[in-house]
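# Fold and contact review
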Amino acid sequence: MSEKQPITPDLRAWIIEQASAGQQPEVVLKSMLASGWNEDSAIAALEEVLTGYLDDKAKQAVLPPPVKVPEPLPQGTRTTVWAFDREVKVLVNLQAPRVVVFGDLLSAQECDEMIGLARTRLARSETVQTETGASEVNEARTSQGMFFDRGEHPVVTRIEARMAALLAWPVENGEGLQVLRYGPGAEYKPHYDYFDPAHSGTPTILKRGGQRVASLVCYLNTPTQGGATVFPDLQFEVTPVRGNAVFFSYDRAHPVTKTLHGGAPVVEGEKWVATKWVREGPFV
Ligand code: PD2
Ligand code: ZN
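For clarity, every value in this text was computed on a predicted model and none was experimentally measured.

## Quick notes on the overall build of the chain
- From N to C terminus, the chain includes seven helices and 17 strands.
- For the chain, the residues scored as buried account for 46% of the 284 residues in total.
- Taking as baseline every contact in the chain between residues at least 6 positions apart, the subset at least 24 positions apart corresponds to 72%.
- Just so you have it, the chain exposes about 13,600 Å², and 53% of that area is on carbon and sulfur atoms.

Set out below in structure tokens:
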């Protein structure tokens, strides 16, 4: 998609100067965007210049290489897509970052069934601590949650088959569905879903299927008020509606993907979501 812009000797020198001074790549990128660069071209130019200049380890620290990610609309814009056994609506279609909001991904009955199955298994939500590789209660996430094993129940199997068809990504690359329940006041502070390469526990986590490359957050109910999924870098939020879902992908474990997102506090009522995180390879 990126139209190539020429890398002049001056630009090359300037990028190297910035990197050598320890300037963060997103700051360098921001300056390039401010001076009229197209984002894809600017990232490509940054990579090209730094590739010739830094050793492998330093390069990774600047920007991890991009990987293949799921693309739910490979044939371009559509109002609906057929996924396994159901026609799913396309409500919002953002290209960069890649964010798609789907309508009617799940039926009302499926949502109720998922809530019913998850309710008895809820515990205070834990997030994987990348420092230690262990799970622990995280204050940034005041919801309650549980994981289904992949294919552990017929409704789970059917939803996973539909998601795999929608994303054209193998069922085997998906983590088990996570269900979260947020009561009034509960939220999920903004975060990235990929595992931070700088954390010491990340290499262990990546042994199972590699990085996360996309998220599909499905709303199992419609909260009375609050609980939007927010993307602070985009000034964009998705209103939770039962059966709808928001998809977003990230081709590298880096903020340059602009996939910072969170769950805004629930004001009234409760909010239930089921999240499918997908990995680069089989999650077995
Ligand atoms: O519940 C949400 O809106 C939400 C927000 C941010 C879910 C997740 N992240 C997630 O499951 O990763
Ligand atoms: Zn998230």
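## Description of the coordination of the zinc ion (ligand 2)
- Protein-derived coordination of the zinc ion (ligand 2) comes from His 191 (NE2), Asp 193 (OD) and His 261 (NE2), at a distance range of 2.1 to 2.2 Å.
- Written as a sequence motif, the donor arrangement for the zinc ion (ligand 2) is H-x1-D-x67-H. Placement of the pair is His 191 in strand β9 (residues 188–191) and His 261 in strand β15 (residues 261–263), with a sequence separation of 70 residues. Both residues of the pair, His 191 and His 261, count as buried.

## Observations concerning the packing of helix α5 (residues 108–119) against helix α6 (residues 154–167)
- Axis separation between α5 and α6 bottoms out at 10 Å; the angle between their running directions is 125°. When the interaxial angle is binned, α5 and α6 end up oblique. Considering only the axes of α5 and α6, their crossing is left-handed. When α5 is examined against α6, the residues Glu 110, Glu 113, Met 114 and Leu 117 are found in contact with a partner set consisting of Val 155, Val 156, Arg 158, Ile 159 and Arg 162.
- Each residue belonging to the contact of α5 with α6 can be placed in one class, and the counts come to five nonpolar, no polar and four charged.

## Topic: the site of ligand 1
- Close contacts around ligand 1 come from Tyr 182, Tyr 188, His 191, Asp 193, Thr 229, His 261, Gly 262, Gly 263, Lys 271, Val 273, Thr 275 and Trp 277, and that covers them all.
- At 3.1 Å, a side-chain N or O of His 261 approaches a nitrogen atom of ligand 1.
- In this structure, an oxygen atom belonging to ligand 1 sits 2.7 Å away from a side-chain N or O atom of Lys 271.
- When ligand 1 is considered free in solution it has 310 Å² of accessible area, and contact with the protein chains removes 100% of it.
- Those elements that place two or more of their residues in the shell around ligand 1 are β9, β15 and β17 (271–279).

## Notes on α6
- Under the 1.5 Å per step criterion, the end-to-end length of α6 is 20 Å for 14 residues, consistent within 8% with the ideal 20 Å.
- For α6, a buried count of ten out of 14 residues is recorded, marking the element as mostly surrounded by other parts of the structure.
- Residues of α6 that are buried: Val 155, Val 156, Ile 159, Glu 160, Ala 161, Arg 162, Met 163, Ala 164, Leu 166 and Leu 167.
- A positive phi of about 50° marks Ala 168, the residue just after α6.

## Let's talk about the pattern of salt bridges
- Taken as a whole and judged by the stated rule, the model has 15 salt bridges.
- Taking the shortest distance from any N to any O, the salt bridge between Glu 71 and Arg 98 comes out at 2.7 Å. Within this pair, whereas Glu 71 is found in the loop between α4 (56–62) and β1 (80–83), its partner Arg 98 is found in the loop between β2 (86–94) and β3 (99–103), the two being separated by 27 residues in sequence.
- The class of Glu 71 is partly exposed, set by a relative accessible area of 29%.
- Between Arg 162 and Asp 85 there is a salt bridge, and its shortest N-O distance comes to 2.7 Å. Of the two residues, Arg 162 sits in helix α6 while Asp 85 sits in the loop between β1 and β2, which places them 77 residues apart along the sequence.
- Since its relative accessible area comes to 33%, Asp 85 is described here as partly exposed.

## A short note on the side chain of Glu 175
- Summarising the element assignment, Glu 175 is placed in the loop between α6 and β8 (178–182).
- In terms of polar contacts, Glu 175 uses its side chain to reach the side chain of Arg 212, at 2.7 Å.
- A distance of 2.7 Å separates a polar atom in the side chain of Glu 175 from a polar atom in the side chain of Arg 279.
- When sequence neighbours within four positions are dropped, the list of residues in contact with Glu 175 reads Phe 147, Phe 195, Arg 212, Lys 276, Trp 277, Arg 279 and Phe 283.

## Here we look at the packing of aromatic side chains
- Summed over all chains, the structure comprises six aromatic pairs.
- Taking 6.0 Å as the distance between ring centres and 40° as the angle between the ring planes, the aromatic pair formed by Phe 231 and Phe 236 counts as tilted.
- In this structure Phe 231 comes out as buried when scored by relative accessible area, which is 1%.
- Judged by centre distance (5.2 Å) and plane angle (85°), the rings of Phe 231 and Phe 248 are edge-to-face. Taken together, the residues Phe 231 in strand β12 (residues 229–231) and Phe 248 in strand β14 (residues 245–249) connect sequence positions 17 residues apart. An identical accessibility class is assigned to Phe 231 and Phe 248; each is buried.
- Pairwise contacts between aromatic rings join Tyr 192, Tyr 194, Phe 231, Phe 236, Phe 248 and Tyr 250 into one cluster.
- Looking at Arg 208, its charged tip hangs above the ring of Phe 283, at a distance of 4.0 Å from the centre.

Definitions and cut-offs
- Residues numbered from 1 in each chain as written.
- Chains lettered and ligands numbered in written order.
- Predicted model: local features only at pLDDT ≥ 70, side-chain atom pairs only at ≥ 80, totals over all residues.
- Heavy atoms only, no water.
- Helix = DSSP H or I, 4+ residues; strand = E, 2+ residues; numbered from the N terminus.
- Buried < 20%, exposed > 50% of the residue type's maximum accessible area, 1.4 Å probe, protein only.
- Contact = heavy atoms within 4.5 Å.
- Areas by Shrake-Rupley, 256 points an atom, 1.4 Å probe, with all protein chains shown as cover.
- Donors = N, O, S within 2.8 Å, 3.2 Å for Na, K, Ca; no water.
- Axes fitted to C-alpha atoms, helices over the stretch in contact; angles between N-to-C directions.
- Parallel < 35°, antiparallel > 145°, perpendicular 65-115°, else oblique.
- Left-handed = near helix turned anticlockwise from the far one by under 90°.
- Nonpolar A, V, L, I, M, F, W, Y, C, P; charged D, E, K, R; others polar.
- Near = heavy atom within 4 Å.
- Polar contact = N/O pair within 3.5 Å; in protein donor to acceptor, adjacent residues only side chain to side chain.
- Expected span 1.5 Å × (residues − 1).
- Salt bridge = Lys/Arg side-chain N within 4 Å of Asp/Glu carboxyl O.
- Phe/Tyr/Trp six-rings, centres within 6.5 Å; stacked < 30°, edge-to-face > 60°.
- Lys NZ or Arg CZ within 6 Å of the ring centre and 35° of its normal.

Keep in mind these numbers describe shape, not what the thing actually does.
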